[in-house]
Amino acid sequence: MFYKICVRKRGKRVNLFTPLDIKNKRLKNRVVLPPLVRFSMVGKDGYVTEGLLEWYKDVAEGGTGLIIVEASCVAEDGKLRDNQIGIWDDSFIEGLSKVANIGKKYDVPMLIQIHHAGFKDEVARVSEEVLDKILDQFVEAFKRAKKAGFDGVEIHGAHTYLISQLNSRLWNIRDDKYGGSFEKRMYFTKTLVERTKELFDDNFILGYRMGGNEPELEDGIAIAKYLENIGVDLIHVSSGVPNPEKKQEVKIDIPKNFPFDWVVYLGVEIKKHVNIPVIGVRNIKSEEQASTLIENGMLDLVAIGRGMIARPNWVEFAKKEYYKRTGKMVK
């Protein structure tokens, strides 16, 4: 199986620096800072630090189109590591507001990712009461995110954390409201969206980071279509609970000559099945890679992670690289 990049034939031509509107929020370009958890900048208390504020200031000042603030935990006992920012109590709102204000100062929309680490492959044994409580904690976290002044939230439904565990047909073998059929595996997410729908006006975005392999691409496509149907505004495709038979680093079958990472392939394929914007992520490093994905309609947005750590002004650097490569100047 070989992969052919199909050049966009119809519609307005876009490039990496073309703005994109999501609801009433304008992204000045197609570059996203993904939710990189900066453990070294956060203490065990979970509060925003000056170092963290400086990091987001540098990225916002560097001109990125969208910032997704790192995983903020809905419960103290749901952290992925001790030094992770929290959103489980109103006392976190003050510090988080300082982060959100950076986005406003530099005209960069900011979402904050909402997270619970979960129970790995033991999720089927967790009581309904425990999941009910965590669902309540997610609802309250959404409210705090809006109070703090963010432009939206991103539900963390990837990387084998709680919601990925619930979405997984491998791990979620429950026989109650939280699992069993596809619809029941999506119950947590659907109920969370329903219980918070009044928050999501035209100025508040609902994003979702999903596992595109849950465990196969076909499962990811089904999840993405379901998310669009229940009102998610933006999908961010990453990895989920993998097929245990896939021992190698690449967890799905991809065309031999696909020129990007396998997780990018998940995003490219899922985009073909939904109408809402799709962010692709993983090992997208150069301007030329990012531009290829956007200009050919393969993705709507590209997440630049390690590149942004190395160079917070990655967008300005990319503009220069684009000019060298094409001779076209970008403001």
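Scroll up to find the structure.
Residues numbered from 1 in each chain as written. Predicted model: local features only at pLDDT ≥ 70, side-chain atom pairs only at ≥ 80, totals over all residues. Heavy atoms only, no water.

Digging into helix H7 (residues 217–229)
- A rise of 1.5 Å per residue sets the reference length of H7, with its 13 residues, at 18 Å; its end C-alpha atoms lie 19 Å apart and thus fit the reference within 8%.
- Residues of H7 that are buried: Leu 217, Asp 219, Gly 220, Ile 221, Ile 223, Ala 224, Tyr 226 and Leu 227.
- Buried residues along H7 sit in contact with helix H4 (162–167), helix H5 (182–185), helix H6 (187–195), strand S7 (205–211), strand S8 (234–238) and helix H8 (262–271).
- Backbone geometry just downstream of H7 places Gly 231 in the positive-phi region, at approximately 110°. (Helix = DSSP H or I, 4+ residues; strand = E, 2+ residues; numbered from the N terminus. Expected span 1.5 Å × (residues − 1). Buried < 20%, exposed > 50% of the residue type's maximum accessible area, 1.4 Å probe, protein only. Contact = heavy atoms within 4.5 Å.)

A word on the nonpolar core
- Of all hydrophobic cores here, the largest spans 111 residues; its most connected members are Tyr 56, Phe 138, Phe 142 and Phe 188.
- Considering each element in turn, this core owes the most residues, nine residues, to helix H3 (residues 128–148).
- Discounting chain neighbours no more than four positions away, the residues touching Tyr 56 are Leu 33, Leu 36, Ile 67, Val 69, Glu 70, Val 99, Ile 102 and Met 110. (Core = buried A, V, L, I, M, F, W, Y, C linked by side-chain atoms within 4.5 Å.)

With respect to the pairing of S8
- Of all the five residues making up S8, five are buried; the element is thus mostly covered by neighbouring parts of the structure.
- Neither face of S8 is left uncovered, since the one carrying Leu 234, His 236 and Ser 238 and the one carrying Ile 235 and Val 237 both have all their residues buried.
- In the sheet, S7 pairs with S8 via five bridges, with the strands oriented parallel. Paired with Gly 211 across the two strands is Ser 238, which belongs to S8.
- One ladder, built from three bridges, connects S8 with strand S9 (residues 278–280); its direction is parallel. In the sheet register, Val 237 faces S9, and the bridge partner there is Gly 280. (Pairing = 2+ DSSP bridges.)

Digging into the packing of H3 against H6
- In the contact formed by H3 and H6, the axes pass within 10 Å of each other and the chain directions differ by 40°. Considering their axes alone, H3 and H6 lie oblique with respect to each other. Once H3 is placed against H6, the crossing between them reads as right-handed. Residues Leu 131, Ile 134, Leu 135, Asp 136, Phe 138, Val 139 and Phe 142 of H3 form the contact with H6, whose own contacting residues are Phe 188, Thr 191, Leu 192 and Arg 195.
- Here the contact of H3 with H6 is built from residues that sort into eight nonpolar, one polar and two charged. (Axes fitted to C-alpha atoms, helices over the stretch in contact; angles between N-to-C directions. Parallel < 35°, antiparallel > 145°, perpendicular 65-115°, else oblique. Left-handed = near helix turned anticlockwise from the far one by under 90°. Nonpolar A, V, L, I, M, F, W, Y, C, P; charged D, E, K, R; others polar.)

Structural measurements only, silent on function.
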